[in-house]
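Structural features, examined
So you can see what is in the structure, the chains are spelled out below.
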Amino acid sequence: MIEKAFSLVAGEKLRQLIKDNYSSQEEFAFDYPMDLRTVSRYINNGITKIDTIQELAEFFKVPFITFFETK
Amino acid sequence: MTTINTIQKFIEAVMDRYSIPYGVFFSEYNSDDQLVKRKVFPQGKIDDYNLNRICRILGFDQDVILNADKDKANIWFNKYPYFRLMLQYRTTNYYAEYGTSPAEGRLLSAIFGKKFCKKYLDEDIKQRLLETLKRYDSVIPHLYHPDATIERFMHSEQDFVPFDQVELLVQSFVQLVERHKELFFKIWHLDLTKEEINEYNFLTTVLDAEDLAKAGGYLYHHKVLELLPIFKKEGFEKYESYVKICKGDFKPWKCPRFADNFDLAQQYINIFPRAKENIREFCMQIRNIHCGYTWSDDEYVIDEDDAWTPEEFRIGPHQPLKFIYVPKTEAELGDDLTFVEKLSCLAAPPAQGGLVLPQIESPQVMSFMPRMMDRVSAGIKKGEND
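Residues numbered from 1 in each chain as written. Chains lettered and ligands numbered in written order. Predicted model: local features only at pLDDT ≥ 70, side-chain atom pairs only at ≥ 80, totals over all residues. Heavy atoms only, no water.

Now for the interface of chain B and chain A. Chain B puts 29 residues into the contact, and the matching count from chain A is 21 residues. Buried surface at the junction of chain B and chain A, both sides included, amounts to about 2,300 Å², of which 62% is carbon and sulfur. Of all residues in chain B, V139, I140 and R280 of chain B give up the largest surface area on contact with chain A, accounting jointly for 24% of the area buried on that side. In this assembly, chain B and chain A are joined by two salt bridges. Of all the elements in the fold, those that place two or more residues in the side of chain B that touches chain A are α14 (275-287), β7 (322-327) and α16 (336-346) of chain B. If you tally residues by element for the side of chain B that touches chain A, the top one is α14 of chain B, at five residues. Its residues assigned to classes, the side of chain B that touches chain A shows 18 nonpolar, five polar and six charged. (Contact = heavy atoms within 4.5 Å. Buried area = accessible area lost by both parts, 1.4 Å probe. Salt bridge = Lys/Arg side-chain N within 4 Å of Asp/Glu carboxyl O. Helix = DSSP H or I, 4+ residues; strand = E, 2+ residues; numbered from the N terminus. Nonpolar A, V, L, I, M, F, W, Y, C, P; charged D, E, K, R; others polar.)

The next subject is unusual backbone geometry. Between Y32 of chain A and the following residue, P33 of chain A, the backbone shows a cis peptide bond with an omega angle of -10 degrees. Residue placement: P33 of chain A occurs in the loop between α2 (25-31) and α3 (36-45). Of note in the backbone geometry, H142 of chain B takes a positive phi value of approximately 70 degrees without being a glycine. With respect to the helices and strands, the residue H142 of chain B is situated in the loop between α9 (122-136) and β3 (150-156). Residues other than glycine seldom take positive phi values, yet D208 of chain B does so here, at roughly 50 degrees.

Take a nonpolar patch on the surface next. On the surface, a nonpolar cluster with roughly 310 Å² of combined accessible area is contributed by M369, M373 and V376 of chain B. Looking at where M369 of chain B falls in the secondary structure, it is placed in helix α17 (residues 368-377). (Patch = residues over 30% accessible without salt bridge, like charges linked within 9 Å, V, L, I, M, F, W, Y side chains within 5 Å. Areas by Shrake-Rupley, 256 points an atom, 1.4 Å probe, with all protein chains shown as cover.)

For the rest of this paragraph, the subject is the side chain of S344 of chain B. In this structure, S344 of chain B sits in helix α16. Of the polar contacts made by the side chain of S344 of chain B, one reaches the side chain of R287 of chain B; its length is 3.4 Å. What S344 of chain B contacts, discounting residues up to four positions off in sequence, is E58 and K61 of chain A together with C283 and R287 of chain B. (Polar contact = N/O pair within 3.5 Å; in protein donor to acceptor, adjacent residues only side chain to side chain.)

On to the packing of aromatic side chains. Taken as a whole, this structure holds 42 aromatic pairs over all chains when the rule is applied. For the ring pair Y32 of chain A and F59 of chain A, a centre distance of 4.9 Å and an interplane angle of 85 degrees mean the geometry is edge-to-face. In this pair, Y32 of chain A is assigned in the loop between α2 and α3 and F59 of chain A in helix α4 (residues 50-60), connecting sequence segments 27 residues apart. Of the two residues examined, Y32 of chain A and F59 of chain A, each falls in the buried class. An angle of 55 degrees between the planes, with centres 5.5 Å apart, marks the rings of F83 of chain B and F202 of chain B as tilted. With F83 of chain B in helix α7 (residues 81-98) and F202 of chain B in helix α11 (residues 194-207), this pair connects stretches of sequence that are 119 residues apart. You'll find F83 of chain B and F202 of chain B in the same group, each marked buried. In this structure, R17 of chain B is placed above the aromatic ring of F77 of chain B, and the distance from its NZ or CZ to the ring centre is 3.7 Å. A cation over a ring is seen here: R56 of chain B above Y220 of chain B, with NZ or CZ 5.6 Å from the ring centre. (Phe/Tyr/Trp six-rings, centres within 6.5 Å; stacked < 30°, edge-to-face > 60°. Buried < 20%, exposed > 50% of the residue type's maximum accessible area, 1.4 Å probe, protein only. Lys NZ or Arg CZ within 6 Å of the ring centre and 35° of its normal.)

This is how it looks when you write it as structure tokens:
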């Protein structure tokens, strides 16, 4: 499991990637697919599982490490 | 005169040839409450009900069954390349998964009791897992535990299925669906010929084509006629608003050449929307090895659900499994890298050129309760694969 601070950064990165690629979180949830409540939980409470982040990185075609970069 | 046993064997062989699961249509509960296969004609002699049923399932005239006519039974095999290609694909798929021929695979399973695989060795993967955890520790602190050992280690991975005729296979499958669609709507407005009824029923079987609102069951010809007043009242335009193809995704995307034809891949996704997610997951497992593990010094936790679970089913304190993908080496990937790059493009967001999931015609399509109630009110109910 990833520590809280890092998981929140990953969740914020997901929010940004969804915004860059979809018109809404619902659209992403439909396409990925992922339960909309899970999307919301990831964005607001963070993503704690590494393999989940790896899968999202692959899907959005971004390096895994960018999920942990802060601005 | 053909014996009942000959007819039984004939039917089983035909169903296998067309990849139709015999047990779905002919099974019953035994005295131990287990579902077991039964004979097509359980009384040991031909009866009208079961004869009509098997003719409907296979799209045959009665003489084909009664004479166990192998030539006439090939009518669909000869018309649709899909069935020949599917037989080849099934064998290739088995070999790719088990690294052996089906016969050899059965022998090895009987001896060793598990899949026999040489390509990905446990100790090698475990070492690479440790290296990956160490490397990521600089980004995600405490991922690597220098004073602990890896426990409960497991791994899974995938390889492509080398089947060069995948484009033909998918095209021929789409051909089945298009023909079923054509005949489905033809029933609405015109009488079908006997041959068309047989063909339509056969395609319904092969595609597992069911009433989307569930209550109607398999959409054989007589069932469509029964449901027609309701269909017309519902007034949808799309085939997918009425028909659910329950035949599973046969995973042609596991073949490297699947991604060569984007339009065909899109047609496939239109039939099996969930395949896009499966493609995405498959790409991850082609590029990487999915590892599960715990550290020996991981904290023991108790799940919240345990408090509400009867004592005998509680998990109790445990170290939760963690999962991470470990990249495959260049040697392990080989030529797969080129193919997986193309395939992962299909699974990408549409904004990045990925496949687009089909949209539902209207919210009313998915309002199952009102649609089911209309069917129940009309006295329509699901029969035995009916």
